[in-house]
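Structure assessment
Read off the chains here:
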There are 2 protein chains.
Amino acid sequence: MNIKKYRFGEPFCTDSTVIDLPIEKESPDYISLKEDNLFISMSLKDSDAIYGLGEQMGGINKRGRKYRSFCSDDPCHTEEKEALYGAHNFFIISGETTVGYFIDFPGTVHYDMGFTVEDEITISLEGKDADFYVINGENELEVVKNFRELIGQSYMPPMWAFGYQQSRWSYANKEQVDAVVDGYEKADIPLDSVILDIDYMDHYKDFTIDDKAFPNFESYVAELKKKGIRLIPIIDAGVRCEDGFDVYEEGVKNNYFCKDRNGDDFKAAVWPGICCFPDYLKADTRKWFGDKFHTLTDKGIEGFWIDMNEPALFFSMEGFKKAVDFVKQYNGEDLDCWDFFEYRDQFSKLSNSIDDYKNMHHLDGKYSHYDVHNLYGYMMTRGVGECLPKDTLLFSRASCIGSHRYGGIWTGDNTSWWSHILLNLRMLPSLNMCGYIYTGADCGGFNGNASRELVIRWMQLSVFTPLFRNHSAIGTRNQEAYAFSNNKEFKDVIEVRYRLIPYLYDLAKKCAENNEMMFKPLAFEYKDALSKETDDQVLLGNEAMIAPVYQQNKSGRTVYLPEEMTFYKLSGNKVVHKEKLEKGVHFVNVALNEVPLFVRKGKKIPLCNTGKNVDNLDTTIVEYLEG
Amino acid sequence: MNIKKYRFGEPFCTDSTVIDLPIEKESPDYISLKEDNLFISMSLKDSDAIYGLGEQMGGINKRGRKYRSFCSDDPCHTEEKEALYGAHNFFIISGETTVGYFIDFPGTVHYDMGFTVEDEITISLEGKDADFYVINGENELEVVKNFRELIGQSYMPPMWAFGYQQSRWSYANKEQVDAVVDGYEKADIPLDSVILDIDYMDHYKDFTIDDKAFPNFESYVAELKKKGIRLIPIIDAGVRCEDGFDVYEEGVKNNYFCKDRNGDDFKAAVWPGICCFPDYLKADTRKWFGDKFHTLTDKGIEGFWIDMNEPALFFSMEGFKKAVDFVKQYNGEDLDCWDFFEYRDQFSKLSNSIDDYKNMHHLDGKYSHYDVHNLYGYMMTRGVGECLPKDTLLFSRASCIGSHRYGGIWTGDNTSWWSHILLNLRMLPSLNMCGYIYTGADCGGFNGNASRELVIRWMQLSVFTPLFRNHSAIGTRNQEAYAFSNNKEFKDVIEVRYRLIPYLYDLAKKCAENNEMMFKPLAFEYKDALSKETDDQVLLGNEAMIAPVYQQNKSGRTVYLPEEMTFYKLSGNKVVHKEKLEKGVHFVNVALNEVPLFVRKGKKIPLCNTGKNVDNLDTTIVEYLEG
């Protein structure tokens, strides 16, 4: 393998990699120790682009921004945000040379990728113990392949997980789920899964089901399954502290939970109220918690999403009481604005506070959570993934390289913003580089209200992403496909997904097995100047290019073709447009009920006939889109 | 005039219009009264676009979104925001017919412009008393001209106000201002003004100067003036309550301040701490407050920005004490997350609260502030504008149609986001439609840290906007042009501004005098399908088109030419590129030190030589950019 491994100090074993490489004797001169922290300083040439870093803001080229690896429950994905839910410390610098770098470190990493000074990269780790890998290869794709070999084969779900999923926070009872299934049935729009958010549980307690809301859950699961529809429940990271709740009591008894600095079980509040947090870094906790999922698989459940596993901590009682004490010392005097801000911030700063993370401890008190923070969601995914039956769907919110072997991810609580369609597109190649193949964003946007046009345009991208889930938050407008006027247009778009499933599933599987990318930047295959800069289009496999419309009030978009391609528009079970387009910049029209696809010269995309869901899909190929 | 006026109830006199039109007898059937509120319901055809609404989010075509007219101090301009600092109730529906509408109403107006249902507009006013105007014309430009005639001639500042302005919250003393002036001098970059944010005052008290920070202020103003540089101080809407402070005491004595519901002076806190709020809706208050500016003009000051005049209210003591009382009743029990959110929100919801706005009263208690909210910034601007010497620069944050006659506006506290370059561009024609000619955004972005590339790309747009001000918030990275590496490139861009000043000043003046638009959507002049959809380019006067690069890591951008144009790149005192480009879609390269400009066929743009500042600018035309 064309990889060099360097070791600094005594790194915590993350199991992010699966190959044990020899450690080089001399470490690169761009890495140094500054005040007990590892510090990387590199220079950039004008022509250098930076790729990778997984789930992050910014363009496909990550140059010119700051990033932070620190799994964060931050639902407001504005441009300047430096950290989202994942921690993916792999990147490639590509210019005159092409080299990949992987920092295997479980704590916080700060990246300045030519932001402060245009031609300088500075990376600082909050710690001195890490493994550092330099990955070589002929080109970006080879570097990625080498890196992916190092970190091990990516998770692949069963084929039905490629069907269209409808979610909302929350369909809180059988009647509401039935309404969704009926809505899709009546509109004759395909549907594979209905997602259950936190309200299906009894008081948000993991592995419980609210019996009043879902009487006879097991038979309901079977009933839906007969229609080809699966329920996908959520499981959160924290376990409600409640006497008599078996999961909580087992955890206490067997020492499965994280400790605080005094050695007691660490407690903080999330949706269920005050919770304990399974110490997923312990193998026996992982096994215990993973096996708990059998209570649901025994009822016929075949897929799960796991959430709040950064972990999100809304507050600790300790922090809350400090804030209350601060307020209580107010004795009636007039305030200036700075005093007021201080009062206000007592409460606003309590969520996901560093203080709480530092108080939380792993492995019987040996490690402060803060120092190994990025492993939490990863190790939860690992525990669940290792215990679930083969062919179970699993995707997580928090992630860290390594977790890609055990489950997929969705990209967290985005918003019904047009810019988040583009963000979705741009993350795809970065996530593929870091091992995540089964991934997608909340189609239509989670937070905020979506317009009909936004949802259908977003779907024109999501039909290509392995995870195709429409999800929205409590209090927002309904954004199920059938909920909008003229929902025939939604049917036309979603049906295209089903025609593509044999192709997409095979492609994803091949990419997982061969350490390849399903979505690639144009720059990875075409070496002209415009390809290098194009970051609102990506290549799909080796066969095609996708270029969704991501702006409001548009009849189409401008697209750059790095070579001659055949432009197809698909709608329902039909190919409605086919046109050879020359290399160059074109404006193409795309109606709301069409899916645009550009097939490369000499390549072809197989299509089956559309279906109602994957169980009822005839995957026989009936035609090819030829390039 | 091709305008019909309809009256509902007994409207508050806003003085937004300057022509007294007869009132039509029969009102349009799309306006009705619903539960004592006026309600407008219209249908949209597929081909209809909506233009106008001034300072708002969204594209140039405002269709498919919701908006709210309610002057709002909201510094986070994310896509979904419905209200910013201005209230501009004029819009055009353009399709098979082209008709303008103006709602002359001082309270809250809610717009659903085809968001909830694609082909429906619904507009609801919080009140039953309003004037409603329907403005006809041959085309969009004529409708705008007719409307602008109705609302009166736009404010124009002196020519030096078209020079480049450097701002920051804050240059807090003479040494810091000197450092800015020196920084620009040493880098040989032109500069016309340095803006003083709130810290130049003594305890943020209006019309005071911190003598320690600025000893001999008057002679310092004169000293800078000799160099051609002007200081532009800020004045906030609220007056600090402090015994012995003359402005406060005069206000109390003469009944100049807004009252609370008990008839006492209304108080709330902003930067100076607890403040009273001049009742700018009273003519005598306006005169008093406006005349106060002479304390500064007497010291040689020739320009002001006025701020916090939505008005922003951080909190009232009444609201704060309620929040404290809520917290004090906590007695140690464990909380669930919803309880916690309630505690947290006690403080977070205090700023700009409706409760406080409803408690604030105008005109000796006759009107609740909430009902006439949108007039506050307008009437402050009016008071100041009416009292200042002719040829004084004035621009405001809050605005409402009518205020355009007395001052310019900047578009408030934006962020160093790439998307805000585009937002800046898109607002320009909408603001022009509503009467605002002297306007611009905080170049480089106010909140957050800017990269060098962002600031210089943003400048490539701002060189064309009448207000060209680089401004950034406290705690952010320095973003003065000289503060970045290779600042010669900034010089090259800013110098282009000075070459354009004769053209830009004459154009703005002509647009103000003739009720024309300085920046026009392509759709207002070209009737092809692509022009209608293009909203990342605008026409400049009748002569040219601007199309800035607004994305990171790009060597240029794609541009649509609705007809043959000549593409120029300007850099420093030179025209570095000239190329005829055919009608169609092109990718054009634009280096960081170049300003792109597209001159229309048969038109020409005059250029003078660049200069150090406007006072020292030789405005003799030395060459023409010919189309």
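The name an unreviewed UniProt entry gives chain A is Alpha-glucosidase, with Ruminococcus bovis as the organism.

Moving on to the overall build of chain A. Counting its regular elements, chain A contains 14 helices and 36 strands. Projected onto the principal axes, the alpha-carbon positions of chain A cover approximately 70 × 65 × 55 Å. Counting over 627 residues, chain A shows a buried share of 67%. For chain A, the share of sequence-separated contacts (at least 6 apart) that also reach a separation of at least 24 residues comes to 72%. On chain A, roughly 20,700 Å² of surface is accessible, and the fraction owed to carbon and sulfur atoms is 45%. If you average the places of the 71 positive and of the 98 negative side-chain charges in chain A, the two averages end up 4 Å apart.

The next thing to look at is the sheet that holds strand 29 (residues 544–546) of chain A. All names here are of chain A. Taken together, six strands build an open sheet; the order of strands is 27-28-29-34-31-32 and the sheet is antiparallel. Unpaired on one side and paired on the other, strand 27 (519–520) and strand 32 (574–581) mark the two borders of the sheet. Where strand 29 and strand 34 (residues 595–600) come together, two bridges link them in antiparallel fashion. Note that in strand 34 the partner of Ala544 across the bridge is Val599.

Cis geometry marks the peptide bond from Glu310 of chain A to Pro311 of chain A, where omega comes out at -5°. With respect to the helices and strands, the residue Pro311 of chain A is situated in the loop between strand 18 (303–307) and helix 7 (317–328). The residue after Trp169 of chain B, namely Ser170 of chain B, is reached through a cis peptide bond having omega 0°. Here Ser170 of chain B lies in the loop between strand 12 (164–166) and helix 2 (174–187). Look at Asp188 of chain B: it is not a glycine, yet its phi comes out positive at around 55°. Relative to the helices and strands, Asp188 of chain B is located in the loop between helix 2 and strand 13 (193–196). By relative accessible area, which is 39% here, Asp188 of chain B ends up partly exposed.

Within the structure shown, the criterion is met by 86 salt bridges over all chains. One salt bridge connects Arg452 of chain B with Glu118 of chain A, and the closest N-O pair in it is separated by 3.2 Å. Of this pair, Arg452 of chain B sits in helix 12 (residues 452–462) while Glu118 of chain A is found in the loop between strand 9 (109–113) and strand 10 (120–125), placing the two residues in two different chains. The exposure class of Arg452 of chain B is buried, given its relative accessible area of 4%. Look at Glu118 of chain A and you get partly exposed, because its relative accessible area is 28%. One salt-bridge network, in which partners are shared between bridges, spans Asp73, Asp307, Glu310, Arg397 and Asp413 of chain A.

Residue and element names in this part refer to chain B. Within the secondary structure, Thr108 sits in the loop between strand 8 (98–104) and strand 9 (109–113). Once the C-alpha coordinates of Thr108 and Ile198 are considered, the two residues, 90 residues apart in sequence, prove to be 29 Å apart. At 3.4 Å, the side chain of Thr108 and the side chain of Tyr370 are in polar contact.

What follows is about helix 11 (residues 419–433) of chain B. Residue and element names in this part refer to chain B. With 15 residues, helix 11 extends 22 Å between its outermost C-alpha atoms, agreeing within 8% with the 21 Å of an ideal straight helix rising 1.5 Å per residue. Most of helix 11 is tucked away, with 14 of its 15 residues classed as buried. Just beyond helix 11, the residue with positive phi is Gly435, at close to 105°.

Turning next to the sheet that holds strand 23 (residues 408–410) of chain A. Here nine strands make up an open sheet; going across it, the order is 24-23-21-18-14-13-12-26-25 (chain A) and the pairing parallel. The sheet is open, and its two edges are formed by strand 24 (439–440) and strand 25 (442–443) of chain A, each paired on a single side.

Moving on to the relation of the copies chain B and chain A. Two copies of a chain can be linked by a rotation about an axis combined with a shift along that same axis. It takes a turn of 180° to lay chain B on chain A, together with a shift of 0.0 Å along the axis; the resulting RMSD is 0.0 Å. Here the transformation between the copies is reduced to the relation of a two-fold axis. In terms of proximity to the rotation axis, the leading residue of chain B is Lys328 of chain B, whose C-alpha is 3.0 Å off the axis. When the interface residues of chain B are mapped onto chain A, 100% of them are again interface residues, pointing to one common binding face.

As a further point, take the interface of chain B and chain A. For an interface, size is often stated in terms of accessible area lost upon the parts coming together. Contacts between chain B and chain A engage 65 residues on the former and 65 residues on the latter. Approximately 5,400 Å² of surface area, both sides summed, lies buried where chain B meets chain A, with 61% of it carried by carbon and sulfur atoms. It is Glu79, Phe340 and Glu533 of chain B in chain B that bury the most area against chain A; as a group they hold 12% of the surface buried on that side. For the pair chain B and chain A, the number of links is four salt bridges. Taking the shortest distance from any N to any O, the salt bridge between Asp535 of chain B and Lys554 of chain A comes out at 3.0 Å. Between chain B and chain A we count 27 residue pairs in polar contact (both at pLDDT 80 or more) in total. Elements with a minimum of two residues in the side of chain B that touches chain A: strand 17 (273–276), helix 7 (317–328), helix 8 (337–348), helix 11, helix 12, helix 14 (529–533), strand 30 (556–561) and strand 33 (584–589) of chain B. Element by element, the count of residues in the side of chain B that touches chain A is highest for helix 8 of chain B, at eight residues. Its residues assigned to classes, the side of chain B that touches chain A comprises 28 nonpolar, 19 polar and 18 charged.

Within the largest apolar cluster, 373 residues are counted, with the highest numbers of intra-cluster contacts made by Phe90, Phe320 and Leu540 of chain A together with Phe90, Phe320 and Leu540 of chain B. Residues within four places of Phe320 of chain A in sequence aside, it is in contact with Phe315, Phe347 and Leu350 of chain A together with Tyr330, Leu335, Phe340 and Tyr343 of chain B. The next biggest cluster of nonpolar side chains, apart from the first, holds 26 residues, and it includes Tyr30, Phe105, Val109 and Tyr111 of chain A.

Turning our attention to the domain arrangement of chain A. All names here are of chain A. Domain boundaries assigned for chain A yield domain 1 (3–151) and domain 2 (416–467 + 486–627). For domain 1 and domain 2, the distance between their C-alpha centres works out to 29 Å. Of the residues lining the interface, 30 residues belong to domain 1; the matching set on domain 2 comes to 32 residues. Both sides together, the interface formed by domain 1 and domain 2 hides about 2,300 Å², and carbon and sulfur atoms give 63% of it. Per-residue buried area on domain 1 facing domain 2 is highest for Ile60, Leu141 and Arg148; these three make up 32% of the total on that side. Linking domain 1 with domain 2 are two salt bridges, by the criterion used here. Linking domain 1 with domain 2 are nine residue pairs in polar contact (both at pLDDT 80 or more), by the criterion used here. Sorting the residues of the side of domain 1 that touches domain 2 by element identifies strand 4 (49–52), strand 7 (90–94) and helix 1 (140–151) as the ones contributing at least two each. Per-element tally for the side of domain 1 that touches domain 2: the top contributor is helix 1, with eight residues. Looking at the side of domain 1 that touches domain 2 residue by residue, the class counts come to 14 nonpolar, ten polar and six charged.

About the thresholds
Residues numbered from 1 in each chain as written. Chains lettered and ligands numbered in written order. Predicted model: local features only at pLDDT ≥ 70, side-chain atom pairs only at ≥ 80, totals over all residues. Heavy atoms only, no water. Helix = DSSP H or I, 4+ residues; strand = E, 2+ residues; numbered from the N terminus. Buried < 20%, exposed > 50% of the residue type's maximum accessible area, 1.4 Å probe, protein only. Contact = heavy atoms within 4.5 Å. Areas by Shrake-Rupley, 256 points an atom, 1.4 Å probe, with all protein chains shown as cover. Lys, Arg positive; Asp, Glu negative; His and termini not counted. Charge placed at Lys NZ, Arg CZ, Asp CG, Glu CD. Pairing = 2+ DSSP bridges. Salt bridge = Lys/Arg side-chain N within 4 Å of Asp/Glu carboxyl O. Polar contact = N/O pair within 3.5 Å; in protein donor to acceptor, adjacent residues only side chain to side chain. Expected span 1.5 Å × (residues − 1). Least-squares fit on C-alpha atoms with pLDDT ≥ 70 in both. Buried area = accessible area lost by both parts, 1.4 Å probe. Nonpolar A, V, L, I, M, F, W, Y, C, P; charged D, E, K, R; others polar. Core = buried A, V, L, I, M, F, W, Y, C linked by side-chain atoms within 4.5 Å. Domains from an automatic or database assignment.

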